[in-house]
Amino acid sequence: MSAIEITGVSKVYAGGVRAVSDVNLSIADGEFIVLVGPSGCGKSTLLRMIAGLETITSGTVSIGSRVVNEVDPAARNIAMVFQNYALYPHMSVYDNLAYGLRNRGVPKADIDARVAEAARMLEIEPFLQRKPKQLSGGQRQRVAMGRAIVRKPDAFLFDEPLSNLDAKLRVSMRGEIRQLQRRLGVTSVYVTHDQLEAMTLADRIVVLNGGRIEQVGRPLDVYHNPASTFVASFIGSPAMNLADAEVTNGLVAIGGQVVASGVSGVKDGQVIVGLRAEDIQPAAPGTGVPFAVRYIEELGALRLVHGSVEGRHLTMALSPDLPLADEIKVAVAADRLHFFEDGSGRRMTR
Amino acid sequence: MQTKRTVFGNRLLPYAFLLPQLAVTVIFFLWPATQAVIQSFQREDAFGLSTTWVGLANYADLLHEPTYLNSLKVTAIFAPAVTLLSVGLGLVFAVSLDRLVRGSRVYAALLVWPYAVAPAVAGIMWWFLFNPTIGLLPYLLAAVGYRWDHSLQPTDAMILVVIAASWKQVSYNFLFFMAGLQAIPKSMIEAAAIDGAGPVKRFFTIVFPLLSPTTFFLAVINLVYAMFDTFPVIHATTGGNPAQSTNILVYKVFVDGFIGLNLGSSAAQSVVLMAIVVTLTVIQFKWVERKVTY
Ligand SMILES: Nc1ncnc2c1ncn2[C@@H]1O[C@H](COP(=O)(O)OP(=O)(O)OP(=O)(O)O)[C@@H](O)[C@H]1O
Ligand SMILES: [Mg+2]
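Keep in mind the model is a prediction, meaning the values are calculated, not measured.

Draft legend 1. Quick peek at the side chain of S10 of chain A. Residues and elements named next belong to chain A. Tracing the backbone through its elements, the reader meets S10 in strand β1 (residues 4–12). S10 gets classed as buried once you look at its relative accessible area, which sits at 5%. Among the polar contacts made by the side chain of S10, one reaches the main-chain amide nitrogen of D22 at a distance of 2.9 Å. With sequence-adjacent residues up to four places away left out, S10 is seen in contact with R18, V20, S21, D22, M49, I56, T57 and S58.

Take a look at the structure:
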């Protein structure tokens, strides 16, 4: 088990594509880090540089206290779980698990013991003699996990390991991966584009955008204090509402309509205001801002109401037992508002 | 699987479409094959005036004919040697090219070229290259102290025909191995690398096993090629000589039938050859269905 230190790492592919730019990240021993971001933001590239599958254009990656830039993947003592599992189709499940141990000259008796232990942990004992193609998707996923844990590596690297599973299995495997990682205490870096997976798995989330780190933080910190409009719109479902607004003397106006007052610490001028769907609520009688309802999504426990205030699209999350009309009046708690700079989209300190 | 169906208005039209291919098959394969089977039970007198039914006598004679037994032996060396060399080189080239980052397209195109050269031309080319008086290779071999002469040395002659026959097959095998390699997911190789297997170990434990269906298919195809299609190569290089040392079965069919005019024996030999090829093909299909899949 080891800490991972990423210092000033960039990756430029042959052909000039700049996939990762100047990434700095310290991963503590035993920490579960999730890299999250939209497609093409460089998550896989960063992970593959840690694994040694991709050369590092500039900067350094250290595992433990050793700089591994020039170290072969095999010698980095990491294990990786691939999106397509990459199981060896001509080998039995047992041999798939044992392969890495045999290559490292682990004695036969130890291999037996370690494969048996991993198989028990992942409940794949009944399949040890089967070939991968005789397994379901979920079982294959477990074998891929098993292949990672038998090696007792310094770090686990996951590249979207659950994205080939159906929604229900994904949720249960997510929980299992989390428990397994806690129990083994192995440093883990997990790539996903699913913000929910990031929120539920991570000790710390790393949000990437265009090859740069947008924000690093604990899931709830990132959720409650997004560092930019990009993070605000990426983390949380439904996405945070963002609208251009005008601040004057502590009054916040969207399209001329004052939605909140008594805001302190924000300079007067044009801003982008962010508000979570659950922070917009029906107003007390006789107060509030007109909200034109466009359409409604029923989620069971919640009801998402999509509509607009002064032509700006907003979504609010309501309890399903509140009565609805075509136009309702809503109120926003001033202390729940997020403010971002108009041009850069960076969070404004309050 | 879904199949597309075309409905023809005219009932005869589909048959008309099939006709050219059927005609070619009948005229150039079925008819001569039938002739061969019939002739293999007949014997002609020395002047070609009368034929008599002799039953299995032609086949029985083959078993006692030293030159035929020799030809069997020669083929048993020639065909596996051609297969081993051409499949092996095809694999080596494909794997080398797969590791190349730059320029692999150019090399691939160059490696495919030999396949476009007619076998007889290839044979003559190698004959020139190995010609004891004017050839380049004997000249080079002489420099290391070897006196090359395939017109006198049976071993030299065998090496010559094996190389000449393998040459263009390397291209064919190379293409199949390239396709096979590309079908192996990159992540599987990466997983093996992380699992601590170096390039050589990866090749033998992952890549080669995954190529085994391709390899088996090519082994059979090349065996059949070496036994059946190498007539022009032999004809252009050694003519089966010296001392029958490169007189493979298919060449002997020609020599006995068209030069020796022993049609009965020649026919019996070609029937035996056909039987061997059919057997190989059947084995291939049976195996491909079951064994080699993982
Ligand atoms: N081998 C390569 N050669 C050139 N460019 C590449 C290569 N691999 C990736 N890229 C580019 O680098 C950028 C980052 O790719 P990467 O695979 O890291 O994205 P990602 O965040 O993992 O996306 P996804 O969620 O779709 O997997 C993309 O613009 C991609 O086109
Ligand atoms: Mg990716």
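Now, onward.
Draft legend 2. The arrangement of the domain arrangement of chain A in detail. Residue and element names in this part refer to chain A. In terms of domains, chain A is made up of domain 1 (4–234) and domain 2 (241–341). Averaged C-alpha coordinates put domain 1 and domain 2 at centres separated by 39 Å. Contact residues are listed per partner, giving 8 residues for domain 1 and 6 residues for domain 2. Both faces combined, the contact of domain 1 with domain 2 buries some 610 Å², and carbon together with sulfur accounts for 61% of it. Among the residues domain 1 hides against domain 2, the three largest losses belong to Y223, T229 and A232. Together they make up 68% of the total. Joining domain 1 to domain 2, the criterion identifies 0 salt bridges.

Draft legend 3. Main features of the nonpolar core. I4, L46, M80, Y88, L157 and V189 of chain A together with I206 of chain B are the most contacted members of the largest nonpolar core, which totals 58 residues. Looking at this core element by element, the count peaks at 6 residues for helix α9 (residues 199–228) of chain B. Beyond its immediate stretch of four places on either side in the chain, L46 of chain A contacts V9, V20, V23, L35 and L208 of chain A. By size, the runner-up hydrophobic cluster in this structure holds 50 residues, among which are I124, A148, I149 and V231 of chain A.

Draft legend 4. Highlighting the site of ligand 1. Residues and elements named next belong to chain A. The local shell around ligand 1 consists of Y13, V17, A19, S39, G40, C41, G42, K43, S44, T45 and E160. In this structure, Y13 approaches ligand 1 through a side-chain N or O atom, which is 3.4 Å from a nitrogen atom. For ligand 1, an oxygen atom lies 2.7 Å from a polar atom in the side chain of K43. Summarising the interface, the protein chains cover 60% of the accessible area of ligand 1, which totals 640 Å² for the free molecule.

Draft legend 5. Layout of the packing of aromatic side chains. Residue and element names in this part refer to chain A. On inspection of all chains with the given rule, the structure shows 17 aromatic pairs over all chains. Both rings, one in F32 and one in F158, keep their centres 6.3 Å apart while their planes meet at 5°; by these two values the pair is stacked. Of the two residues, F32 is situated in strand β3 (residues 32–36) and F158 in strand β7 (residues 155–159); the sequence distance between them amounts to 126 residues. A single burial state applies to F32 and to F158, both of which are buried.

Draft legend 6. Expanded view of the pairing of β1 of chain A. Residue and element names in this part refer to chain A. Two strands pair when backbone bridges link them, and β1 and strand β2 (residues 18–27) are joined in this way by 6 bridges, in the antiparallel orientation. From the neighbouring strand, V12 faces β2, where its bridge partner is R18. Hairpin geometry of β1 and β2 is characterised by an intervening segment of 5 residues between the two adjacent antiparallel strands and by a positive phi of about 105° at G15.

Draft legend 7. Main features of the pattern of salt bridges. Enumeration according to the criterion identifies 17 salt bridges over all chains in this entry. Measuring nitrogen to oxygen at the nearest pair gives 3.4 Å for the salt bridge that ties E190 of chain B to K186 of chain B. Highlighted residues: E190 of chain B and K186 of chain B, both in helix α8 (residues 186–194), separated by 4 residues, approximately one helical turn. On the basis of relative accessibility, which here comes to 10%, the residue E190 of chain B falls in the buried class. Residues joined by salt bridges that share partners form a network here, namely R48 and E54 of chain A together with K186 and E190 of chain B.

Draft legend 8. How the structure looks around the interface of chain B and chain A. Opposite the 19 residues of chain B that make contact, chain A presents 23 residues. Taking both partners together, chain B and chain A bury about 1,700 Å²; carbon and sulfur atoms supply 60% of that area. Where chain B meets chain A, there are 2 salt bridges. Linking chain B to chain A there are 13 residue pairs in polar contact (both at pLDDT 80 or more). Of all the secondary-structure elements, those providing two or more residues to the side of chain B that touches chain A are α8 and α9 of chain B. Looking at the side of chain B that touches chain A element by element, the count peaks at 8 residues for α8 of chain B.

Draft legend 9. Spatial organisation of the sheet that holds strand β8 (residues 187–192) of chain A. Residues and elements named next belong to chain A. Read from one edge of the open sheet, 6 strands run β6-β7-β8-β3-β9-β10, paired in mixed fashion. Where the open sheet ends on each side, the last strands, each with one partner, are β6 (78–81) and β10 (212–217). Strand-to-strand twist of the sheet, defined as the mean angle between neighbouring strand axes without regard to direction, takes the value 15°. As defined by bridge partners, strand β9 (residues 204–209) adjoins β10 across 5 bridges and the pair is classed as antiparallel. Bridge pairing in β10 links L208 to I213. Together, β6 and β7 form the strand contacts of helix α4 (residues 137–150), whose direction differs from that of β6 by roughly 175°.

Draft legend 10. Just the packing of helix α2 (residues 93–103) of chain A against helix α3 (residues 108–122) of chain A, in detail. Residues and elements named next belong to chain A. Across the interface, α2 lies against α3 with an axial gap of 10 Å and an inter-helix angle of 130°. When the axes of α2 and α3 are compared, the pair comes out oblique. The way α2 lies across α3 gives a crossing that is right-handed. Here α2 contributes Y94, L97, A98, L101 and R102 to the contact with α3, which in turn contributes K108, I111, D112, R114, V115 and A118. The residue inventory of the contact of α2 with α3, partitioned by class, reads 7 nonpolar, no polar and 4 charged.

Rules used throughout
Residues numbered from 1 in each chain as written. Chains lettered and ligands numbered in written order. Predicted model: local features only at pLDDT ≥ 70, side-chain atom pairs only at ≥ 80, totals over all residues. Heavy atoms only, no water. Helix = DSSP H or I, 4+ residues; strand = E, 2+ residues; numbered from the N terminus. Buried < 20%, exposed > 50% of the residue type's maximum accessible area, 1.4 Å probe, protein only. Polar contact = N/O pair within 3.5 Å; in protein donor to acceptor, adjacent residues only side chain to side chain. Contact = heavy atoms within 4.5 Å. Domains from an automatic or database assignment. Buried area = accessible area lost by both parts, 1.4 Å probe. Salt bridge = Lys/Arg side-chain N within 4 Å of Asp/Glu carboxyl O. Core = buried A, V, L, I, M, F, W, Y, C linked by side-chain atoms within 4.5 Å. Near = heavy atom within 4 Å. Areas by Shrake-Rupley, 256 points an atom, 1.4 Å probe, with all protein chains shown as cover. Phe/Tyr/Trp six-rings, centres within 6.5 Å; stacked < 30°, edge-to-face > 60°. Pairing = 2+ DSSP bridges. Axes fitted to C-alpha atoms, helices over the stretch in contact; angles between N-to-C directions. Parallel < 35°, antiparallel > 145°, perpendicular 65-115°, else oblique. Left-handed = near helix turned anticlockwise from the far one by under 90°. Nonpolar A, V, L, I, M, F, W, Y, C, P; charged D, E, K, R; others polar.

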